[in-house]
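Architecture at a glance
Read off the chains here:
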Amino acid sequence: MTTNPDLSNALWRKASLSESAQGCVEVAFLDNGQVAVRDSKDVSKPAHLYPRSTWTAFLDHLRGLVPAEGSRISIDITADSAVLSDREATAGAPHVYTHREWLCFLDGVLKREPQLVGA
């Protein structure tokens, strides 16, 4: 498992539709070029850490620009949740979001909100 850096000063961002939500997908762009992803409902759970290129490829997949094959980040939609996990199993335990939380995040991704893409 990847050792998590100190994220106590990370600037966590979320999709604009998630601003009033209790739980959401939160993203922080780190100085070392990594992207940290966490579930705001359970900040005690370690954040997933991905290289920026991996995060960008995942967002492109969500926008329908590239196929999911070979993507390190996986999203599985179940009857009652959206489960974000690392296919390489280095990011720790999966993060589980409600459908509403995931749809708010996805809306931000599709709108290319800068706080989610790091632009």
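Residues numbered from 1 in each chain as written. Predicted model: local features only at pLDDT ≥ 70, side-chain atom pairs only at ≥ 80, totals over all residues. Heavy atoms only, no water.

So, on to the sheet that holds strand E3 (residues 48–51). To summarise the sheet geometry, strands pair through backbone hydrogen bonds and adopt either a parallel or an antiparallel arrangement. Taken together, three strands build an open sheet; the order of strands is E1-E2-E3 and the sheet is antiparallel. If you trace the sheet from one side to the other, it starts and ends with strand E1 (25–29) and E3, each paired once. Geometrically, the sheet is characterised by an average inter-axis angle of 25 degrees between neighbouring strands, direction not taken into account. Pairing geometry for E1 and strand E2 (residues 34–39), over five bridges, is antiparallel. Along E2, the bridge assignment pairs Glu26 with Arg38. The sheet contacts of helix H1 (residues 52–62) involve E1, E2 and E3, and relative to E3 the element is tilted by about 95 degrees. (Pairing = 2+ DSSP bridges. Helix = DSSP H or I, 4+ residues; strand = E, 2+ residues; numbered from the N terminus. Axes fitted to C-alpha atoms, helices over the stretch in contact; angles between N-to-C directions. Contact = heavy atoms within 4.5 Å.)

Right, let's get into the packing of aromatic side chains. Two aromatic rings are characterised by how far apart their centres lie and by the angle between their planes. Within this structure, the stated rule accounts for four aromatic pairs. Relative to Phe58, the ring of Trp55 has its centre 5.8 Å away and its plane inclined at 40 degrees; by these criteria the two rings are tilted. On the criterion of helical spacing, the pair formed by Trp55 and Phe58 is a turn pair, its members being three residues apart in helix H1. According to the relative accessible area criterion, Trp55 is buried, its value standing at 1%. Looking at Phe58, the relative accessible area reads 1%, which means it is buried. Judged by centre distance (6.3 Å) and plane angle (35 degrees), the ring pair of Tyr97 and Trp102 falls under tilted. (Phe/Tyr/Trp six-rings, centres within 6.5 Å; stacked < 30°, edge-to-face > 60°. Buried < 20%, exposed > 50% of the residue type's maximum accessible area, 1.4 Å probe, protein only.)

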